[in-house]
Amino acid sequence: MFSIAEQLNNVSRSIKKAESEAGRPENAVQLLPVTKTQSAETLQQAFELGLRIFGENYLNEALDKQQGLRESLPSSDYDAITWHFIGPIQSNKTRAIAEHFDWVQSLDRIKIARRLNEQRPADRPPLAVCVQINVDEEDTKSGILLDELEAFADELESMAHLQLRGLMAIPKAGQSSEQLGQSFHRMRAAFEGLQRRYPAVDTLSMGMSADMALAIEHGSTMVRVGTALFGARPPKV
Ligand SMILES: *Cc1c(COP(=O)(O)O)cnc(C)c1O
């Protein structure tokens, strides 16, 4: 029978192995469990296994699950959860994202950044953000081009309620592992450049279920893992 506990063990072991093979310290890489389309019960199970960080793509679905967990967990437990928004962001959703998430990894428009900055509640810490990079310059993929990063990051600096923490990318599907390695390599170079200019930058979010070992070899600090933890996704309703 499929067991999240067992899958979590496997994924944690794969991360450790990849860290060690890449000569990186243990716990250099954080696991972001991606729970899009998974039920509140699945999140509750994940919480009971010790997970305290979740990535969600669809706002309304995420808000429903947050509400479900808020009702089923003691508030100190609920407050221990860190929520990452990792999906495309429409303008009319920014207020709820600014209010109900701790991180946004899919930031790729200054207009959206301005709205999140204005709408982040003043009593919360700054919203942590990663800029999403369209690393393989695909026509239909979200994200800015690497060439645009410097100007984009400079604009973010003036926004007091956002804190730039790093970069996120979803490389082109169907690449050979050599091509994929090159995509990850470009991301790492950009990340290291960004770190030199902005000391708070500490997150290079790349690698998913199918390619996390390669991403870790290339310097990922956060892998976003859905299928390998929770199995095939139920369709979005
Ligand atoms: C769904 C999703 C993931 C997880 O993908 P898996 O292949 O299921 O691990 C990671 N990142 C983003 C942005 C996603 O939308």
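Residues numbered from 1 in each chain as written. Predicted model: local features only at pLDDT ≥ 70, side-chain atom pairs only at ≥ 80, totals over all residues. Heavy atoms only, no water.

Novice: Any chance you could explain the site of the ligand here in plain terms?
Specialist: Lining the immediate environment of the ligand, one finds Val-34, Lys-36, Asn-57, Ile-86, Ile-170, Met-208, Ser-209, Arg-224, Val-225, Gly-226, Thr-227 and Arg-233. Between the ligand and Gly-226 there is a distance of 2.8 Å, counted from an oxygen atom to a backbone nitrogen or oxygen. One of the side-chain N or O atoms of Thr-227 is found 2.5 Å from an oxygen atom in the ligand. Here the ligand loses 89% of its free accessible area of 390 Å² to cover by the protein chains. At a threshold of 2 Å from the grid points, most atoms of the ligand map onto the largest pocket. The residue makeup of the shell around the ligand, split by class, is five nonpolar, four polar and three charged. (Near = heavy atom within 4 Å. Polar contact = N/O pair within 3.5 Å; in protein donor to acceptor, adjacent residues only side chain to side chain. Areas by Shrake-Rupley, 256 points an atom, 1.4 Å probe, with all protein chains shown as cover. 1 Å grid on protein atoms, 1.4 Å probe; cavity = no way out; pocket = protein on both sides within 12 Å on 5 of 7 lines; lining within 4 Å. Sits in = over half its atoms within 2 Å of the grid points. Nonpolar A, V, L, I, M, F, W, Y, C, P; charged D, E, K, R; others polar.)

Novice: For this particular structure, what's the right way to read the environment of Leu-63?
Specialist: Assignment of secondary structure puts Leu-63 in helix H3 (residues 59–72). Taking the C-alpha atoms as reference points, Leu-63 and Ala-96, 33 residues apart in sequence, are found 8.6 Å from one another. The contact partners of Leu-63, leaving out residues within four places of it in the chain, are Ala-96 and His-100. (Helix = DSSP H or I, 4+ residues; strand = E, 2+ residues; numbered from the N terminus. Contact = heavy atoms within 4.5 Å.)

Novice: What exactly am I supposed to notice about the packing of helix H6 (residues 110–119) against helix H7 (residues 149–157) here?
Specialist: Each pair of packed helices can be summarised by the angle the axes make with each other and by the distance between the axes. It is at 11 Å that the axes of H6 and H7 come closest, and there the two elements cross at 15 degrees. By the criterion of interaxial angle, the relationship of H6 to H7 is roughly parallel. Handedness of the crossing formed by H6 with H7: right-handed. Facing H6, whose interface residues are Ile-110, Ala-113 and Arg-114, H7 presents Phe-152, Glu-155 and Leu-156. Residues that form the contact of H6 with H7 fall into these classes: four nonpolar, no polar and two charged. (Axes fitted to C-alpha atoms, helices over the stretch in contact; angles between N-to-C directions. Parallel < 35°, antiparallel > 145°, perpendicular 65-115°, else oblique. Left-handed = near helix turned anticlockwise from the far one by under 90°.)

Novice: Is there a simple way to explain helix H1 (residues 4–21) in this structure?
Specialist: Every α-helical turn comprises 3.6 residues, leaving residues that sit three or four positions apart pointing alike. The end-to-end C-alpha distance of H1, which contains 18 residues, comes to 25 Å, matching closely the 26 Å that a straight helix rising 1.5 Å per residue would cover. Ile-4, Gln-7, Leu-8, Val-11, Ile-15, Ala-18 and Glu-19 are the residues of H1 that are buried. Seen from one end, H1 has its buried residues packed into an arc of 110 degrees, which puts them on one side. When the buried face of H1 is taken as reference, the exposed residues oriented beyond 90 degrees from it are Arg-13, Lys-17, Ser-20 and Glu-21. On its buried face, H1 is in contact with strand E1 (30–33), helix H2 (40–48), helix H9 (212–217), strand E8 (222–225) and helix H10 (227–230). N-capping of H1 is provided by Ser-3, with a side-chain oxygen placed 3.3 Å from the backbone N of Ala-5. Where H1 terminates, the next one or two residues include Gly-23, which has phi positive at roughly 70 degrees. (Expected span 1.5 Å × (residues − 1). Buried < 20%, exposed > 50% of the residue type's maximum accessible area, 1.4 Å probe, protein only. Arc of directions from axis to C-beta.)

Novice: Sorry if this is basic, but what is going on with the pattern of salt bridges here?
Specialist: Any two side chains of opposite charge can pair, on the condition that their charged atoms come close. Under the definition given, this model contains eleven salt bridges. With a shortest N-O distance of 3.8 Å, Glu-150 and Arg-197 are connected by a salt bridge. Taken together, the residues Glu-150 in helix H7 and Arg-197 in helix H8 (residues 177–197) connect sequence positions 47 residues apart. What makes Arg-197 partly exposed here is its relative accessible area of 36%. As a salt-bridge pair, Arg-197 and Asp-154 come within 3.6 Å of each other at their nearest N and O atoms. (Salt bridge = Lys/Arg side-chain N within 4 Å of Asp/Glu carboxyl O.)

Novice: Mind showing me how you'd approach the side chain of Lys-65 here?
Specialist: By the secondary structure assignment, Lys-65 is in helix H3. A distance of 2.8 Å separates a polar side-chain atom of Lys-65 from the backbone oxygen of Gln-38. Among the polar contacts made by the side chain of Lys-65, one reaches the side chain of Glu-61 at a distance of 2.6 Å. In contact with Lys-65, other than residues within four places in its own chain, are Thr-35, Lys-36, Thr-37, Gln-38, Ser-39, Ala-40, Leu-43 and Glu-56.

Novice: Help me understand the packing of H7 against H8, please; the structure alone is not making it clear to me.
Specialist: Relative to each other, H7 and H8 sit at 35 degrees, their axes nearing to 12 Å. Classified by chirality, the crossing of H8 by H7 is right-handed. Contacts between H7 and H8 involve Leu-149, Glu-150, Ala-153 and Asp-154 from the former and Ala-190, Leu-194 and Arg-197 from the latter. Split into classes, the residues belonging to the contact of H7 with H8 amount to four nonpolar, no polar and three charged.

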